[in-house]
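Here is what each chain is made of, one letter per residue.
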Amino acid sequence: MALIEITNLGKSFGGNRAVDGIDIELQPGEIVGLVGPNGAGKSTIFNLITGFLRPNSGTIKFKGDNITGLRPDQIAKKGIGRTFQITLLFHGQTVLESMLAGHVREERTGFWQALLNTGAYRQERAQAFEKSVDTLQFMGLTEWKDTLVNVLPCGLQRFLGIAQVIMSPVEILLLDEPLTGLNEEEISMLLGKLKQLRSQGISILLIEHHMKAVMSFCDRIVVINFGQKIAEGTPERISTNPTVIEAYLGCKRGTRVS
Amino acid sequence: MHIARINSAGKVLLAIVLLGLLAFALGFLPNRWQQICIMWAIWSTVGMSWLVILRVGEFSVGQAGFLCIGGYSAAVLMLKFNCPFWLALIVSAATCAFVALVVGVIILRLKGLYFLVISLVFAEIVRLTIAASDYLGASEGLFGIPIPNNLWFIKFSTKQGWLYLFIFILALAGFTFRRMEKSRIGRIYSYIGASPDLAQSFGIYYMKYRVQAFVISAFFTGLVGAAMGVYLGAVGPEGYTFYYSLIAQIVAILGGVGSIVLGPLLGSALYTVFDEYLVYVPGARSLIMGGLLLTVIFFLPEGLVSVRRKFLNKFPRGFPRKFI
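Rules used throughout
Residues numbered from 1 in each chain as written. Chains lettered and ligands numbered in written order. Predicted model: local features only at pLDDT ≥ 70, side-chain atom pairs only at ≥ 80, totals over all residues. Heavy atoms only, no water. Helix = DSSP H or I, 4+ residues; strand = E, 2+ residues; numbered from the N terminus. Buried < 20%, exposed > 50% of the residue type's maximum accessible area, 1.4 Å probe, protein only. Contact = heavy atoms within 4.5 Å. Buried area = accessible area lost by both parts, 1.4 Å probe. Salt bridge = Lys/Arg side-chain N within 4 Å of Asp/Glu carboxyl O. Polar contact = N/O pair within 3.5 Å; in protein donor to acceptor, adjacent residues only side chain to side chain. Nonpolar A, V, L, I, M, F, W, Y, C, P; charged D, E, K, R; others polar. Pairing = 2+ DSSP bridges. Axes fitted to C-alpha atoms, helices over the stretch in contact; angles between N-to-C directions. Parallel < 35°, antiparallel > 145°, perpendicular 65-115°, else oblique. Expected span 1.5 Å × (residues − 1). Phe/Tyr/Trp six-rings, centres within 6.5 Å; stacked < 30°, edge-to-face > 60°. Lys NZ or Arg CZ within 6 Å of the ring centre and 35° of its normal.

Trainee: Got a minute to help me understand the overall build of chain A in this structure?
Mentor: The helix and strand inventory of chain A stands at ten helices and ten strands. Seen along its three principal axes, the alpha-carbon backbone of chain A occupies a region of about 75 × 40 × 35 Å. Counting only residues that meet the buried cut, chain A has 51% of its 258 residues in that class. Counted over contacts in chain A with a minimum sequence separation of 6, partners at least 24 positions apart contribute 65%.

As structure tokens, this is what we get:
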């Protein structure tokens with residue numbers, strides 16, 4: 001069964017069809033790249049999958065369950081993690097404090113237990129604390145743990161974003177341009193971490209403009225233009241597909257592919 | 001934040017005993033200072049309650065609405081139903097919490113400036129509805145609320161008794177808010193205040209916590225409002241104007257919004273002392289108050305709690321940020 005199955009997804013903003021009848025399927029363990037020119041509707045697709053926007057048409061299934069129209073928090077609880085294109089941060093919190101946010105959905109103790117500091121609550125807090133230390137170690141952020149997130153170097157803020165998502169078990173990561181603002185060294189480091197995550201069984205759907213990384217990293221690539229899927233296939237086939245080349249580079253007069 | 005910090009029960013007990021003794025000593029101040037302390041406790045509690053809503057990212061100007069509902073509930077219960085004082089207090093606070101739950105689900109869908117405006121509208125609707133109701137005494141309000149019976153050594157016929165009651169409410173609110181701030185609850189509120197989208201993407205249903213914060217805030221505001229109504233012996237719609245909502249913000253901002261307990265305590269102390277002694281300069285009252293507020297905001301944008309850091313700058317390394 002496909003992990004994520006999107007059929008005929010559509011979303012309009014006024015008269016603008018941002019997403020227009022898209023079908024995407026993602027198998028467990030796969031890394032799929034979602035590419036396309038700016039404004040093609042890639043981020044809108046992410047927002048539709050994660051519930052930040054409601055689709056006008058189509059269905060989204062996660063492991064066979066219909067998750068169309070659920071709230072973002074309900075979708076997150078199912079194990080769909082995402083990052084944002086712009087770096088969203090919890091301003092005023094330290095790295096460690098904001099890491100704990102990713103663990104909240106795992107915690108079962110309620111308001112009164114937290115207020116009265118019961119044993120069960122303290123145990124969960126200790127677990128969350130331990131898990132964030134481990135995750136920070138994994139992402140190479142340990143030495144920054146007491147830094148305020150807003151003064152963290154830009155590249156590390158992107159690392160933190162992913163670290164927060166994997167604080168709780170996720171089955172799929174939706175990464176919206178994770179490599180933006182990273183230098184070459186950081187890119188190869190992040191891709192290494194993502195490969196490690198994949199070997200732990202996490203699937204990845206990736207929006208990225210860094211073509212070299214996309215080509216080497218993804219199993220399959222879906223190309224979107226003007227809200228429609230114009231090509232899909234392995235990186236080799238995509239890189240030679242004339243429709244894709246036209247969408248990205250334009251075409252010479254008279255050589256337009258139909 | 002020191003998450004792994006272990007609270008030693010002994011220290012907490014000692015703090016409670018010392019604070020209790022301090023509160024007891026306040027009851028032997030001259031009458032005028034007792035009055036100042038009562039107002040200090042009242043506005044500290046309301047300021048703290050206001051800060052809880054600010055934590056989830058919303059700027060409320062509707063605290064007067066809950067003071068009003070609390071005060072009127074207590075007055076109606078005691079005057080028309082002969083309800084005992086203590087029961088009236090609890091029921092009034094619960095009423096406020098319930099109203100906040102119903103109203104909050106609706107108005108907390110709005111954010112930012114829209115929430116600010118609708119919270120103001122809420123407070124005004126409460127006040128004007130009461131002013132139009134004959135059962136609630138219309139524009140004259142309800143008066144002649146009986147003085148509660150004595151409780152052990154606490155006599156409500158004296159200022160001293162009321163001082164102890166308001167300090168008790170303040171302590172209750174302070175401990176609750178302090179625990180919230182130190183626990184996951186306060187952290188979740190800050191996440192929502194900082195970035196609701198990011199919080200949602202981690203599976204935090206932000207409406208739930210926004211309403212929760214609003215309800216808790218209303219509960220304590222209503223509790224103070226009920227006690228204040230009985231203390232004054234009368235409630236009237238003219239008493240619960242926009243200015244009451246404003247004081248909540250003034251004390252919190254004067255003290256510093258970074259600290260949910262210490263900030264309002266300090267801000268309220270400064271405010272109430274000035275408020276009391278400015279009666280000697282009736283013409284310049286608002287002018288001096290405004291000047292004071294501007295001075296503090298200009299020199300201490302993070303409020304009075306930042307005095308130590310700003311002018312002494314002598315904190316040991318790793319001093320927990322939230323204590324400052």
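More follows now that the structure is in view.
Trainee: Help me understand the interface of chain A and chain B in this model?
Mentor: When the parts of a complex come together, some accessible area is lost, and that lost area is often taken as the interface size. On the side of chain B, 28 residues touch chain A, which itself brings 36 residues to the contact. Where chain A abuts chain B, roughly 3,000 Å² becomes buried across the two surfaces, and 63% of that area is made up of carbon and sulfur atoms. In this assembly, chain A and chain B are joined by two salt bridges. Here Arg184 of chain B ties to Glu124 of chain A by a salt bridge, and the two come within 3.4 Å at their closest N and O atoms. Between the two partners, chain A and chain B, sit nine residue pairs in polar contact (both at pLDDT 80 or more). Of all the secondary-structure elements, those providing two or more residues to the side of chain A that touches chain B are helix H2 (72-77), helix H3 (95-101), helix H4 (111-116), helix H5 (119-139) and helix H6 (154-165) of chain A. In the side of chain A that touches chain B, the residues fall into 17 nonpolar, ten polar and nine charged.

Trainee: What is the right way to read the pairing of strand S10 (residues 228-233) of chain A from this model?
Mentor: Looking along a regular strand, one sees side chains alternate from face to face of the sheet. Residues and elements named next belong to chain A. Relative to S10, strand S9 (residues 220-225) runs antiparallel, the two sharing five bridges. Residue pairing for S10: Ile221 is matched across the bridge by Gly233. Where S9 hands over to S10, the hairpin turn is made up of two residues, of which Phe226 adopts a positive phi near 45°.

Trainee: For this particular structure, what's the right way to read the packing of helix H6 (residues 159-182) of chain B against helix H9 (residues 206-232) of chain B?
Mentor: Two packed helices can be described by the angle between their axes and the distance between those axes. Residue and element names in this part refer to chain B. Contact geometry of H6 with H9 gives a least axis separation of 11 Å together with a crossing angle of 180°. Here H9 runs roughly antiparallel to H6, going by the angle between their axes. Judged by residue contacts, Lys159, Trp162, Leu165, Phe166, Ile169, Leu172, Ala173, Thr176, Phe177 and Met180 of H6 engage Ile216, Phe220, Leu223, Val224, Ala227, Met228, Val230 and Tyr231 from H9. Residue composition of the contact of H6 with H9, by class: 16 nonpolar, one polar and one charged.

Trainee: Got a minute to help me understand helix H3 (residues 63-80) of chain B in this structure?
Mentor: Look at H3 of chain B: 25 Å from first C-alpha to last across 18 residues, which is about the 26 Å you get at 1.5 Å a residue. Of the residues trailing H3 of chain B, Asn82 of chain B is marked for its positive phi of about 50°.

Trainee: How do you make sense of the sheet that holds S10 of chain A when you look at a structure like this?
Mentor: Hydrogen bonding along the main chain pairs the strands of a sheet, whether they run parallel or antiparallel. All names here are of chain A. Strand order in this open sheet of six strands is S6-S7-S8-S3-S9-S10, and the pairing throughout is mixed. In the strand order of this sheet, the two ends are held by strand S6 (80-82) and S10, each with one partner. The average undirected angle you get between the axes of adjacent strands in this sheet is 15°. By the bridge criterion, three bridges tie S6 to strand S7 (residues 172-176) in an arrangement that is parallel. If you follow Gly81 over to S7, its bridge partner there is Leu173. Across the sheet, helix H1 (residues 42-49) lies against strand S3 (31-35), S6, S7, strand S8 (203-207) and S9, angled at about 140° from S8, the strand it touches most.

Trainee: Would you take a moment to explain helix H7 (residues 184-194) of chain B for this structure?
Mentor: Because an α-helix packs 3.6 residues into every turn, residues spaced three or four apart end up facing the same way. The buried fraction of H7 of chain B is high, at nine of eleven residues. Within H7 of chain B, burial applies to Arg184, Ile185, Gly186, Arg187, Ile188, Tyr189, Ser190, Tyr191 and Ile192 of chain B.

Trainee: Which parts of the structure should I look at to understand the packing of aromatic side chains?
Mentor: The geometry of two aromatic rings is summed up by the distance between their centres and the angle between their planes. All names here are of chain B. Enumeration according to the criterion identifies 21 aromatic pairs over all chains in this entry. Ring geometry for Trp162 against Tyr231: centres 5.4 Å apart, planes inclined by 55°, an arrangement best described as tilted. You can see Trp162 sitting in helix H6 and its partner Tyr231 sitting in helix H9, a full 69 residues away along the chain. Residue Trp162 is classed as buried on the basis of its relative accessible area, which comes to 4%. Here a set of aromatic residues connected by ring pairs shows up, and it is made of Phe85, Trp86, Trp162, Phe166 and Tyr231. The ring centre of Tyr277 lies 4.5 Å from the NZ or CZ of Arg32, which sits over that ring.

Trainee: Got a minute to help me understand the environment of Val149 of chain A in this structure?
Mentor: Residues and elements named next belong to chain A. For Val149, the position within the fold is in the loop between H5 and H6. As for Val149 and Asn16, which are separated by 133 residues in sequence, their C-alpha atoms are 36 Å apart. Setting aside chain neighbours within four positions, we find Val149 in contact with Leu89, Phe90, His91, Gln93, Thr94, Val95, Ser98, Gln157 and Leu160.

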